[in-house]
Amino acid sequence: MPLRAIAYVSEATRNLTSDRLQQLVTDAMLFNESVDVTGVLLFDGTRFLQYLEGPEAGVNTAYTRILAAGSHSGLVELNRGRVGRRQFPHWRMHSVRVDELALGKIAISDWTGFVRSASALASGTSALDRLQSVAQSPTEAGAGRLLETDDPVAP
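Below you will find a few notes about this structure. Predicted model only: the values in this text are computed from it and were never measured. (Residues numbered from 1 in each chain as written. Predicted model: local features only at pLDDT ≥ 70, side-chain atom pairs only at ≥ 80, totals over all residues. Heavy atoms only, no water.)

1. Quick word on the overall build of the chain
Each helix and strand in the chain was counted, giving 4 helices and 6 strands. Along the chain, from the amino end to the carboxyl end, the secondary structure elements read β-α-β-β-α-β-β-α-α-β. Relative to its 155 residues, the chain shows a buried fraction of 47%. Across the chain, contacts joining residues at least 24 apart in sequence account for 77% of those joining residues at least 6 apart. A total of about 7,800 Å² of accessible surface is found on the chain, and carbon and sulfur atoms cover 52% of it. (Helix = DSSP H or I, 4+ residues; strand = E, 2+ residues; numbered from the N terminus. Buried < 20%, exposed > 50% of the residue type's maximum accessible area, 1.4 Å probe, protein only. Contact = heavy atoms within 4.5 Å. Areas by Shrake-Rupley, 256 points an atom, 1.4 Å probe, with all protein chains shown as cover.)

2. Examining the pattern of salt bridges
Pairing is possible between side chains of opposite charge, provided their charged atoms come close. Applying the stated criterion to the full structure yields 5 salt bridges. In this structure, the salt-bridge partner of D36 is R92, at a minimum N-O distance of 3.4 Å. Of the two residues, D36 sits in the loop between helix 1 (18–35) and strand 2 (38–43) while R92 sits in the loop between strand 4 (72–83) and strand 5 (94–98), which places them 56 residues apart along the sequence. A relative accessible area of 32% places D36 in the partly exposed class. Here the salt bridges share partners, and the residues they tie into one network are D36, R86 and R92. (Salt bridge = Lys/Arg side-chain N within 4 Å of Asp/Glu carboxyl O.)

3. As for the packing of aromatic side chains
All told, the structure shown has 6 aromatic pairs when counted by the stated rule. Where Y8 meets Y63, the ring centres are 6.1 Å apart and the plane angle is 55 degrees; that geometry is what we call tilted. Placement of the pair is Y8 in strand 1 (residues 3–12) and Y63 in helix 2 (residues 56–68), with a sequence separation of 55 residues. Across the pair, Y63 and Y8 agree in class, each one buried. Here the aromatic residues Y51, F88, W91, W111 and F114 are joined through ring pairs into a cluster of three or more. (Phe/Tyr/Trp six-rings, centres within 6.5 Å; stacked < 30°, edge-to-face > 60°.)

4. Let's talk about the nonpolar core
Among the nonpolar cores identified, the biggest contains 24 residues, and L42, L49, Y51, W111, F114 and L131 are the most heavily contacted of them. Looking at this core, the elements that each hand over two or more residues are strand 1, strand 2, strand 3 (47–55), strand 5, helix 3 (100–107) and helix 4 (127–136). Element by element, the count of residues in this core is highest for helix 4, at 5 residues. In this structure, I6, M29, F31 and Y63 belong to the second largest nonpolar core, which totals 20 residues. (Core = buried A, V, L, I, M, F, W, Y, C linked by side-chain atoms within 4.5 Å.)

This is how it looks when you write it as structure tokens:
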């Protein structure tokens, strides 16, 4: 079954509380498990960057929910397409608090084809390289834990 991915950025609504954000992430984790979607959500206090991956039907269903959500606006799709394998196979919705600079660097990185750098010399240059680095090492690159519920969840 071919896998698909979508990455986007959006602006959080001004009235988004930390309790509401935690509930959104918990709900997303449960929903994503039901449709076999994995991914990561970055939040810098005002903006989101999210990457979703999974079977086409699951990703489309999750993305439809995201588009209808009242917790954000101004959604800009960074890329959508087919992927060869999951980048975050164990995270139904890993969430990480990052600073503005870290989120901005990932957002403007190369999202073309959802590729990773092939050489160690070029590591960290593609969007997925940067996203994976921040998601897996939250103490680096201006990142930190957002929620207690962001620990890896086995599929």
